[in-house]
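# Breakdown of the fold
Chain residues, written in single-letter form:
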Amino acid sequence: MKKFSLVTMAVFTSAALALAGCSSSSSTAPSGSDAASSGSSSGSSSSSTAPDTSKAVVLNMYLLGAPGKGYDAMLQKFNEELKKRINATVKVTWIGWADYKQKYPLVLSSGEPIDLIYTANWLNYSTEAQKGAFMPLTDLLKKYAPKSYAEEPKKALDEASINGKLYALPSNYTYYDNEGYIMRGDLMQKYNIGPITSIDDYGKYLDTIKQHEPSFDPTGYYNTANVGLDGQFLTQNNEKGIDSNLPLAYTVNDPHPKLVNYLDEPRWADYFKQMKDWADKGYWSKSVLSNKDDSMFDNGKAASKIWNVDHFNSDYINHPEWKVQFYPGEKYSRLTSYTQDAMAIPASAKNPERAAMMIELVRQNEDLYDLLTYGIKGTDFEIESDGTLKALNPENFEPDGYGAWGFREDRFRKDLAGSSPDLQKVRDNLKSLYIPDTLHDFTLNLDPIKNQYAAVSNVMQQYEIPLRLGLVDPVSGLKTLQDKLKAAGIDQIQTEVQKQIDAFLSSPH
């Protein structure tokens, strides 16, 4: 997910372990917390210097994914703490993975009062910010989340700023991302299949599964915006898409990158023919576009899936008997942008001050961070003698599995007990595949092309996804897609975005 990144198992650092237990809610709570703990939250007004938390509020927070069975019990305890510290409780509403790309912008444009929402670059954070969906945060954070704001790296604040204004507080961690092949190692051993180093290698595995393991869906594909291998294929020439809704890409380590419409490259015609062949062979269901089951691999119904190293480790922990393996699917790794995970306060927020205070509480208190991220200590997790975190009932509450990624703090992250013995080797390999991205800090301004952008996004959704899944004729389907993109204004978009890139490269940044 993207991508997401998407539902992730924490990547915990040894540095975090050294700090585990060093923080305390009393020593790091914001002034509103201090006021609350001394009694102001019970109804009296706070002091003249502390935020006024005398009125109880309910924070309306949107997250992505779906909660586990134990989430409500965790949330009850979390709200008890929130009530004591800032006289607030939080109500969580979920946007599911199956249709998040459609629902997320609709939620933000609906006018519904929302106090907090998870956001990310893969959710078009920049676009939504430019549309006015989020509240400028600098002054609010300085007053109500001062420690978290002060501790945020300058580069993170710069990355999250749009036209000089900060619209989200990014999480704070370093992570090398690569959407790879997550495989059933036991099946690879059974059929003597070697490491997966290419899309063709992956195809051979899928073919073996299709022929000899008919109870498995080879890929576990379901209807999501990132379904398929487009991302993996795009990176083979060191290319990267400029926006998830546009077929425009650049060479990631080119010092002066020029945009191309990658769908016009001949190799994509061959790729779509290959995907049609795979679809005809049954490597995924013909009804994949109506399949909303995003847990086929996790539930033992699929023999592989495409996702990141965090998902790999989570799957290994949950099913060590499967000997789950991870192989990089993309040619290079990306140093995750700080806006990969962030929390924003929408423009529709009714309680922005208390929302900022909640961010401060979670980012400054290890107990609250652990509760929201890992569940209830003693019920959902324990800390082992070596400092690793042991999940007691991951099917009830999966550690770091329920949308708290926008609050992430390196110092509070912990390695999981039962992690894959290959985890560090995988991480080291992903780090070795990293190449710098010339446009890492570039922010796309959609204002001059917003109508064409909307039209092209619709075309890509309607015509490109069936093509990548081999559900239409690859020759006529590609021709139709190219014609529709021309009519929707892709050439005007390419010209405008290149102009913005050139201006970015010629200015200090």
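Cut-off values and rules
- Residues numbered from 1 in each chain as written.
- Predicted model: local features only at pLDDT ≥ 70, side-chain atom pairs only at ≥ 80, totals over all residues.
- Heavy atoms only, no water.
- Pairing = 2+ DSSP bridges.
- Helix = DSSP H or I, 4+ residues; strand = E, 2+ residues; numbered from the N terminus.
- Salt bridge = Lys/Arg side-chain N within 4 Å of Asp/Glu carboxyl O.
- Buried < 20%, exposed > 50% of the residue type's maximum accessible area, 1.4 Å probe, protein only.
- Contact = heavy atoms within 4.5 Å.
- Patch = residues over 30% accessible without salt bridge, like charges linked within 9 Å, V, L, I, M, F, W, Y side chains within 5 Å.
- Areas by Shrake-Rupley, 256 points an atom, 1.4 Å probe, with all protein chains shown as cover.
- Core = buried A, V, L, I, M, F, W, Y, C linked by side-chain atoms within 4.5 Å.

Okay, the sheet that holds strand 10 (residues 248-251) next. Taking strand neighbours across the sheet as the criterion, the three strands line up as 9-10-11 in an open arrangement whose pairing is antiparallel. Each edge of the open sheet is held by one strand with a lone partner, namely strand 9 (239-241) and strand 11 (260-261). Two elements, strand 9 and strand 10, share three bridges in a ladder whose sense is antiparallel. Counterpart to Gly241 in the pairing with strand 10 is Ala249.

By the definition in use, this model includes 35 salt bridges. Salt-bridge contacts for Lys281 lead to Asp277; the nearest nitrogen and oxygen are separated by 3.2 Å. Here Asp341 ties to Arg408 by a salt bridge, and the two come within 3.8 Å at their closest N and O atoms. Here Asp341 is found in the loop between strand 14 (334-335) and strand 15 (342-344), whereas its partner Arg408 is found in the loop between strand 17 (389-391) and helix 17 (423-432), with 67 residues between them in sequence. Each member of the pair, Asp341 together with Arg408, is buried. A single salt-bridge network, built from bridges that share partners, covers Glu151, Glu152, Arg363, Glu409 and Arg411.

Turning our eyes to something else, we now look at the environment of Ile490. Note on placement: Ile490 falls in helix 20 (residues 490-506). Taking C-alpha positions, Ile490 is 8.8 Å from Leu248, a pair spaced 242 residues apart along the chain. In this structure Ile490 touches Pro247, Leu248, Asn261, Val456 and Leu485, once residues within four positions along its chain are discounted.

On the surface, Leu289, Leu471 and Val472 cluster together into a nonpolar patch covering about 190 Å² of accessible area. Its location among the elements puts Leu289 in the loop between helix 13 (266-280) and strand 12 (304-307). Note on Leu289: relative accessible area 35%, which makes it partly exposed.

A few words now on the nonpolar core. By size, the foremost hydrophobic cluster in this structure holds 91 residues, and its most contacted members are Phe78, Phe134 and Met358. The residues touching Phe134, leaving out its near neighbours within four places in the chain, are Tyr104, Leu108, Ile117, Thr119, Tyr125, Glu128, Ala129, Tyr167, Ala344, Ile345, Pro346 and Ala347. In this structure, Val227, Val456, Leu485 and Ala488 belong to the second largest nonpolar core, which totals 61 residues.

This paragraph deals with unusual backbone geometry. Phi at Lys323 is positive, roughly 50°, even though this residue is not glycine. As for its position among the elements, Lys323 is in the loop between helix 14 (309-318) and strand 13 (325-327). Of the residues examined, Lys323 reaches a relative accessible area of 38% and is grouped as partly exposed. With phi around 60°, Asp400 is a residue other than glycine that occupies positive phi space.

Read these as spatial facts, not as claims about activity.
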